[in-house]
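Here is how the chains run, residue by residue.
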Amino acid sequence: MGFNARNIIIIVLIMALTILLFSLFQYEGEYSQLIAFLTMIATVLTMIATMAIAYIAYNQLNKIAKINLGDHMLKLDQLWHTVEIIKARKLIDEYFQRFYRVFFMSNKALYKDAVKMASKEIYKISKPDTEVKIKEYESKFIYILSLIEFFDTLGFIYSKGEIDQKNEIKSLFKDSVKFYYEINKVYIDHIHNNPDTKDRFKNFQNIYNEFKRDES
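Residues numbered from 1 in each chain as written. Predicted model: local features only at pLDDT ≥ 70, side-chain atom pairs only at ≥ 80, totals over all residues. Heavy atoms only, no water.

Draft legend 1. Fine view of the overall build of the protein chain. Broken down by element type, the protein chain carries 8 helices and 0 strands. The linear arrangement of helices and strands in the protein chain, starting from the amino end, is α-α-α-α-α-α-α-α. Summarising the internal contacts of the protein chain: among those between residues at least 6 apart in sequence, 63% fall at separations of at least 24. (Helix = DSSP H or I, 4+ residues; strand = E, 2+ residues; numbered from the N terminus. Contact = heavy atoms within 4.5 Å.)

Draft legend 2. Spotlight on helix α6 (residues 163-183). With 21 residues, α6 extends 28 Å from end C-alpha to end C-alpha; this agrees with the ideal 30 Å at 1.5 Å per step. All of the buried residues in α6 are Gln165, Ile169, Phe173, Ser176, Val177, Lys178, Phe179, Tyr180, Tyr181 and Ile183. (Expected span 1.5 Å × (residues − 1). Buried < 20%, exposed > 50% of the residue type's maximum accessible area, 1.4 Å probe, protein only.)

Draft legend 3. Representation of the packing of helix α4 (residues 111-124) against helix α7 (residues 185-192). Orientation of α4 relative to α7, taken along the N-to-C sense of each, is 55 degrees, at an axis distance of 7 Å. When the axes of α4 and α7 are compared, the pair comes out oblique. Across from Ser119, Lys120 and Tyr123 in α4, the residues of α7 making contact are Lys185, Val186, Tyr187 and His190. (Axes fitted to C-alpha atoms, helices over the stretch in contact; angles between N-to-C directions. Parallel < 35°, antiparallel > 145°, perpendicular 65-115°, else oblique.)

Draft legend 4. Region of the structure containing the packing of aromatic side chains. One pass over the structure, following the stated rule, counts 16 aromatic pairs. Judged by centre distance (6.3 Å) and plane angle (80 degrees), the ring pair of Trp80 and Tyr180 falls under edge-to-face. Pair noted here: Trp80 is in helix α2 (residues 31-80) and Tyr180 is in helix α6, with a separation of 100 residues, a long-range link. Note on Trp80: relative accessible area 10%, which makes it buried. Centroid distance Phe179 to Tyr180: 5.1 Å. Interplanar angle 75 degrees. Geometry classified as edge-to-face. On the accessibility criterion, Tyr180 (9% relative accessible area) is buried. Clustering of aromatic rings is evident, with ring pairs tying together Trp80, Phe96, Tyr111, Phe150, Phe151, Phe173, Phe179, Tyr180, Tyr181, Phe204 and Tyr208. A cation sits over an aromatic face here: Lys166 above Tyr158, 5.2 Å from the ring centre. (Phe/Tyr/Trp six-rings, centres within 6.5 Å; stacked < 30°, edge-to-face > 60°. Lys NZ or Arg CZ within 6 Å of the ring centre and 35° of its normal.)

Draft legend 5. Structural context of the environment of Lys140. When you line up the elements, Lys140 lands in helix α5 (residues 131-160). Using a relative accessible area of 25% as the deciding quantity, one classes Lys140 as partly exposed. It is 9.0 Å that separates the C-alpha atoms of Lys140 and Ser126, two residues lying 14 residues apart in sequence. In this structure, Lys140 is in contact with Leu91, Tyr95 and Ile125, ignoring residues within four places of it in sequence.

Written out as structure tokens, the structure reads:
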């Protein structure tokens, strides 16, 4: 039988009735002692009821938290498949493949070098200081920035989740978190080196660092 509100109330009432009947038989004719005894019992029952209410409230809050985090996961999944995010993923893949395939002939040993070189190229279009770069920023980097913000939100939800929810996020996004952080690292480091924006994308950085620690 589950410990829901109805069951707890029934148990408390049965306990109260049992104790009352017992006390009436034992203390019949001793009115003052009976009153003292019943007062003590009432205090104990009040404490039990208070703990029961606290237990119920705790469980309800936990359920609400799980529902909220579940809603976030659903929204993240929907966002991951939006046109903007898909375009960002394609753009980043184009930069990466430009170096990984052309320069290194698909040599997997130089994967990290390709990521670093692509990261530098992505950083270049993040600085719209000429008319040409403004067009590149508007047509390309604005989508990449949306992707970075997506992973920052994911990192925040991960930090607030319980073990099973963290495991779910890790199983779905671990490789993506590592790849997209490293390929945007030059830009993110630039943001963090500015005192005015040093805390931006911190959730993305934190989830990346945690996933990297899992490898060691």
